[in-house]
Amino acid sequence: MSDEPPETPKGSTTATVGRVTFEIERQLALPLAPGLYLVSTPIGHLADMSLRAVATLARADVVYCEDTRHSRTLLAHYAIRTPLRPYHEHNAEEQRPRVLRELADDRVVALISDAGTPLISDPGFKLVRDAAAAGHQVIAVPGPSAALAALTVSGQPTDAFFFAGFLPAKEGARKSRLAELAAIPATLVFFEAPTRTAATLADLAQELGNREAAVARELTKLHEDVRRGTLSDLAQGFAAEAPKGEVVIVVGPPEQRDISDAMIEESLAPVLESLSLRDASRVVADTLKVPKARVYDVALALKRRDRS
Ligand code: SAM
């Protein structure tokens, strides 16, 4: 094979097809060093598979995946016949020694998840840790991830962001997690199930303050939809009509302006005349866009001072 792509008219579809064909053939012909390849796959749109991802899966000795039936469809789409084996949260403990033996035998092992980037709220972290500790090469073949796709379309700042994954389902754990996240000076990214989206948006508004946010749904798919607004407005909208499909919630950072306890007290005083401590804290937290827990602490101290 020559090192140069075939000559075709510039700018034409034929030229692009020629170049892509040339590139995938070149990738497929390159030798693949032994190691663990973490290959990102589409989050919906099959064409988001990178040429390198196709070539890596095609040349691997084995592909580990969460669900072999699901991943067989993807591999069949690209006529890849590499054997698939399951690696998921229920069999990872038994499978890991087997994968490590294959790596020790200088095999090319690929890991994919059902969609997106493996290890991102998906299995693989312990495998990577153990493979690296055993001296094996661990190579990323990067590509789609719902977290980054949602962040980029959210309209929220991207200079600093914190990926928070799925929130705990139980109320107590969820509240304490949100209290930890409230002070982080960065955009927050959450995965969420569609049925829980409205409730989670309401919890976020209550615990983080009524920040600007976005809900990115079914990214790269037919019914892709991004809604932007305050957490409360989004919560109301989705309470009226629950979203369908897969959802990422992106929440803007806390306001940069410094809000002193004295400013919170000033806002609280009139509201406390007609509302309970809890309700007054919620109203002021929403108005000042500061975490409710902080306002509540200031309100408690104010009440105690008034009583003494
Ligand atoms: N590892 C994957 C990645 O990098 O995108 C994420 C796996 S996690 C188990 C699945 C969650 O990702 C879904 O519940 C949803 O929150 C989000 N997600 C996956 N695909 C999506 C899509 N096309 N649009 C919006 N969210 C998506």
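Residues numbered from 1 in each chain as written. Predicted model: local features only at pLDDT ≥ 70, side-chain atom pairs only at ≥ 80, totals over all residues. Heavy atoms only, no water.

1. Let's talk about helix α4 (residues 92-104)
Note the threshold: By the criteria applied, helices consist of DSSP H or I runs no shorter than four residues and strands consist of E runs no shorter than two, each listed in order from the N terminus. Helix span, expected: 1.5 Å multiplied by one less than the number of residues in the helix. For the exposure calls, accessible area comes from a 1.4 Å probe over protein chains only, and a residue counts as buried if that area is under 20% of its type's maximum, exposed if over 50%, partly exposed in between. Along the arc lie the directions from the helix axis toward the C-beta atoms. Should any heavy atoms of two residues lie within 4.5 Å, those residues are counted as being in contact.
Under the 1.5 Å per step criterion, the end-to-end length of α4 is 18 Å for 13 residues, consistent within 8% with the ideal 18 Å. Within the sequence span of α4, burial applies to A92, Q95, R96, V99, E102 and L103. Projected down its long axis, α4 shows its buried positions confined to an angular sector of 125 degrees, all on one face. Facing away from the buried side of α4 by more than 90 degrees, the exposed set consists of E93, E94, R101 and A104. For α4, the elements touching its buried residues are β1 (35-39), β2 (62-65), β3 (84-86), β4 (108-111) and α5 (125-133). Backbone geometry just downstream of α4 places D106 in the positive-phi region, at approximately 65 degrees.

2. Focus: unusual backbone geometry
Of note, the phi angle at D106 is positive, near 65 degrees, even though the residue is not glycine. The exposed category is assigned to D106, whose relative accessible area is 54%. Here the phi dihedral of S121 falls at roughly 55 degrees; this positive angle occurs in a residue that is not glycine. Note on placement: S121 falls in the loop between β4 and α5. You can call S121 partly exposed: its relative accessible area is 34%.

3. Quick word on the domain arrangement of the chain
Convention followed: What marks off one domain from the next here is an automatic or database domain assignment. Joining two parts hides part of their accessible area as seen by a 1.4 Å probe, and the buried area is that hidden amount summed over both.
According to the domain assignment, the chain consists of domain 1 (31-144), domain 2 (147-251) and domain 3 (261-307). Of note, the centres of domain 1 and domain 2, computed from C-alpha atoms alone, are 29 Å apart. Taken residue by residue, the interface counts 6 residues in domain 1 and 8 residues in domain 2. Of the roughly 490 Å² buried between domain 1 and domain 2, counting both surfaces, carbon and sulfur atoms make up 66%. Among the residues domain 1 hides against domain 2, the three largest losses belong to I43, I120 and S121. Together they make up 74% of the total.

4. Looking at the layout of surface pockets
To be explicit about the condition: Residues are said to line a cavity or pocket when one of their atoms sits within 4 Å of a point; the points come from a 1 Å grid over protein atoms alone, cavities being sets where a 1.4 Å probe fits but cannot get out and pockets being open sets with protein on both sides within 12 Å along at least five of seven lines. Grid points are joined across faces, edges and corners, and a volume is the space filled by probe spheres set on the points. Each residue gets one label: Ala, Val, Leu, Ile, Met, Phe, Trp, Tyr, Cys and Pro are nonpolar, Asp, Glu, Lys and Arg are charged, and the others, such as Gly, are polar.
A volume near 440 Å³ is recorded for the largest pocket. Taken together, 25 residues line the largest pocket, and the ones lying closest to its centre are I43, A115, A146, F191 and E246. For the lining of the largest pocket, the secondary-structure elements that each account for two or more residues are α6 (146-154), β7 (187-192) and β10 (247-251). A class-by-class count of the residues in the lining of the largest pocket yields 13 nonpolar, 5 polar and 7 charged. Counting only domains with at least three residues in the lining of the largest pocket, you end up with domain 1 (31-144) and domain 2 (147-251). Estimated volume of the second largest pocket: approximately 230 Å³.

5. Quick look at the site of the ligand
Keep this limit in mind: Whether a residue is near a molecule or strand depends on its heavy atoms: if one lies within 4 Å, it is near. Under this definition, polar contacts are N or O atom pairs within 3.5 Å; protein pairs additionally need one hydrogen-donor-capable and one acceptor-capable atom, and for neighbouring residues in sequence, both atoms have to be side-chain atoms. Accessible areas in this description were obtained via Shrake-Rupley with a 1.4 Å probe; residue shielding takes into account the shown protein chains only. Those molecules having more than half of their atoms within 2 Å of a cavity or pocket grid point set are described as sitting in that cavity or pocket.
Close contacts around the ligand come from 19 residues, with I120, D122, A146, L219 and V247 the closest. At a separation of 2.9 Å, an oxygen atom of the ligand approaches a polar side-chain atom of S145. L219 is positioned with one of its backbone polar atoms (N or O) 2.8 Å from a nitrogen atom of the ligand. Alone, the ligand offers 580 Å² of accessible surface; in the complex the protein occludes 90% of this. Of the pockets mapped on this structure, the ligand occupies the largest pocket. Those elements that provide at least two residues to the shell around the ligand are β7 and β10.

6. What to know about the pattern of salt bridges
Which entries qualify depends on this criterion: In the sections that follow, a salt bridge refers to a side-chain nitrogen of Lys or Arg positioned within 4 Å of a carboxyl oxygen of Asp or Glu.
Summed over the entire model, instances satisfying the criterion amount to 17 salt bridges. Between D61 and R107 there is a salt bridge; the shortest N-O distance is 3.5 Å. A residue pair is termed long-range when its members are at least 10 positions apart, and D61 in the loop between α2 (51-59) and β2 and R107 in the loop between α4 and β4 qualify at 46 residues. Judged by relative accessible area, which is 38%, R107 ranks as partly exposed. Residues joined in a network through salt bridges with shared partners are E93, R96 and K126.

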